[in-house]
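So the chains spell out like this:
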Amino acid sequence: MEFSNLLVVKNWKNNGLGKICLTDALISEKSDDNIIIDCKGLIAYPSLINIHDHLVGNWIPKGAPNRPYKNTSIWVEDMKKSESVLERSNFWKSSIDDLTKNNGIAMAMLGVYKNIFSGVTIVQDHIPNQKNAYYKAFPIKVISDYRQGHSITLKNWWGGGELEEEMKMTKGKIPFIIHLSEGIDEVAKSEFSELEKLGLLKNNSILVHCTALTKTELKKVNDIGASIAWCPNSNIFLLDTTLDFKTVFDLNINLCIGTDSTLSGSINILKELIYTKQTFTQIPFSMLFKMVTENPAKALILDNYNGRIEINRDANLLITKKLKENPYENLLNIDTPDIELLLYRGKPIFGKADFLKYFTWNPKDFYLFELNSQKMFVIGHPEDILNKIEKKLGYKKHFDYLPF
Ligand SMILES: [Zn+2]
């Protein structure tokens with residue numbers, strides 16, 4: 001299959017008019033059939049990576065009745081009493097030990113759709129490691145090769161082993177992910193030295209938030225080659241502040257943007273990018289793009305996808321309308337209806353229904369709907385999840401990240 005005549009954004013530095021060939025799940029030098037799809041006027045990006053989400057947390061609206069907080073250990077308790085979480089508990093309230101039970105997968109799938117409708121095909125779901133069946137239930141990649149800690153202060157209250165054990169289990173080959181110093185008070189400030197003491201600062205560490213880190217601490221993060229997951233919308237909503245961006249940027253730390261769940265963060269990653277640019281106008285468009293492609297691919301130690309469009313790598317593609325000449329600026333101007341096609345390993349996930357004719361597809365596997373008078377498809381059946389929710393709640397619930 002060949003997508004011809006489109007602006008190909010290979011990576012954050014390199015883009016130009018050209019074509020992309022696909023053979024099965026991979027991008028290839030040549031097409032293995034005679035299918036040529038004319039994509040004049042469209043832009044192809046490597047599909048996006050969301051480095052920080054809690055899939056089952058994607059209920060709306062945000063739940064933080066007493067914001068701003070001094071640290072998010074206080075919010076974690078407060079959130080449980082928020083209207084949003086109380087409403088969610090009518091649909092899903094099983095523990096996060098095993099999400100394959102009691103609507104856990106349906107709840108997480110809603111979060112997956114949030115990601116799909118914003119061009120994401122790889123998401124890190126920060127929760128205790130689940131059974132394989134959980135990760136296999138999704139049409140895009142929900143990272144399964146990782147170990148985690150909730151935070152230094154609350155340890156693994158939500159499940160998983162001791163923090164040091166979790167790090168040991170990575171053998172340095174998969175990421176170790178932990179919320180760090182998410183606050184402004186002494187509790188948040190004390191977490192970094194504890195992280196070091198426990199041996200959790202390694203080059204495979206993904207440190208989430210880091211709002212209280214000092215310049216010296218950020219330098220240590222950089223020296224060891226760890227990555228930072230940054231959710232500015234969630235930080236500023238919960239804490240009225242975010243990390244020391246200037247230092248992080250000057251040091252060139254591997255910084256990745258994530259959404260967090262909608263209980264505290266943006267509606268989706270496209271909105272998170274817009275928010276970040278509005279808040280930190282000095283960040284170039286191309287850097288923002290890198291923070292949701294190459295940087296997280298590196299942090300997550302992905303095997304066959306590096307967040308670029310490259311021959312013999314996974315065909316994870318996001319094809320969109322062109323609203324701006326500069327493709328990196330364009331990414332910050334598009335919304336769900338501007339996505340023409342989203343592919344994960346060469347498979348159609350979401351897009352204009354017109355594209356389906358080029359693929360072998362079974363109507364049973366897709367939900368077809370109209371968006372701005374355009375026929376669209378999405379993989380799976382989100383409408384069934386919404387019906388289930390309506391049945392449990394007794395009324396219709398709308399989720400802002402769903403385009404129906
Ligand atoms: Zn989080």
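The structure presented is a predicted model; accordingly, all values stated were derived computationally and were not measured.

Thresholds, definitions, all that
Residues numbered from 1 in each chain as written. Predicted model: local features only at pLDDT ≥ 70, side-chain atom pairs only at ≥ 80, totals over all residues. Pairing = 2+ DSSP bridges. Helix = DSSP H or I, 4+ residues; strand = E, 2+ residues; numbered from the N terminus. Contact = placed C-beta atoms within 7 Å. Axes fitted to C-alpha atoms, helices over the stretch in contact; angles between N-to-C directions. Core = buried A, V, L, I, M, F, W, Y, C linked by C-beta atoms within 7 Å. Buried ≥ 20, exposed ≤ 12 C-beta atoms within 10 Å, placed from the backbone. Domains from an automatic or database assignment. Nonpolar A, V, L, I, M, F, W, Y, C, P; charged D, E, K, R; others polar.

Participant: Teacher, can you tell me more about the sheet that holds strand S7 (residues 120-125) here?
Facilitator: Strand pairing in a sheet takes place through backbone hydrogen bonds and is either antiparallel or parallel in direction. What the three strands build is an open sheet, ordered S6-S7-S8; its pairing is parallel. Every interior strand has two partners, whereas the edge strands, strand S6 (48-53) and strand S8 (141-142), have only one. Inspection of the sheet shows S7 paired to S8 by two bridges, in the parallel sense. By the bridge assignment, Val 123 is partnered in S8 with Val 142. Packed onto the sheet, helix H3 (residues 104-116) meets S6, S7 and S8 and runs at close to 135° relative to S7.

Participant: Explain the nonpolar core here, please?
Facilitator: In summary, soluble globular proteins display a tendency toward joint burial of nonpolar side chains. Counting residues in each nonpolar core, the largest one holds 107 residues, and the members touching the most others are Ala 44, Val 112, Ile 116, Leu 207, Ile 228, Cys 256 and Phe 350. The element best represented in this core is H3, accounting for eight residues. Here this core spans two domains, since at least three of its residues come from each of domain 1 (2-47 + 307-393) and domain 2 (49-299). The residues touching Ala 44, leaving out its near neighbours within four places in the chain, are Phe 3, Leu 6, Val 8, Val 9, Ile 20, Ile 309, Leu 317 and Ile 319. Counting residues in hydrophobic clusters, the runner-up holds nine residues, among them Trp 59, Met 79, Leu 238 and Leu 239.

Participant: When you look at the pairing of strand S15 (residues 339-344) in this model, what are you seeing that I'm missing?
Facilitator: Residues in a regular strand project their side chains so that they alternate between the two faces of the sheet. Burial analysis of S15 places six of its six residues in the buried class, the great majority of the element. Relative to S15, strand S14 (residues 317-321) runs antiparallel, the two sharing four bridges. In the sheet register, Leu 318 faces S15, and the bridge partner there is Leu 342. Hairpin connection from S15 to strand S16 (residues 347-352): two residues lie between these consecutive antiparallel strands, with Arg 345 at a positive phi of about 45°.

Participant: When you look at the domain arrangement of the protein in this model, what are you seeing that I'm missing?
Facilitator: Considered domain by domain, the protein is made up of domain 1 (2-47 + 307-393) and domain 2 (49-299). On the side of domain 2, 29 residues touch domain 1, which itself brings 30 residues to the contact. Among the secondary structure elements, those contributing two or more residues to the side of domain 1 that touches domain 2 are helix H13 (327-331), S15, S16, strand S18 (374-379) and helix H14 (382-393). Looking at the side of domain 1 that touches domain 2, the element that brings in the most residues is H14, giving six residues. Taken together, the residues of the side of domain 1 that touches domain 2 break down into 18 nonpolar, seven polar and five charged.

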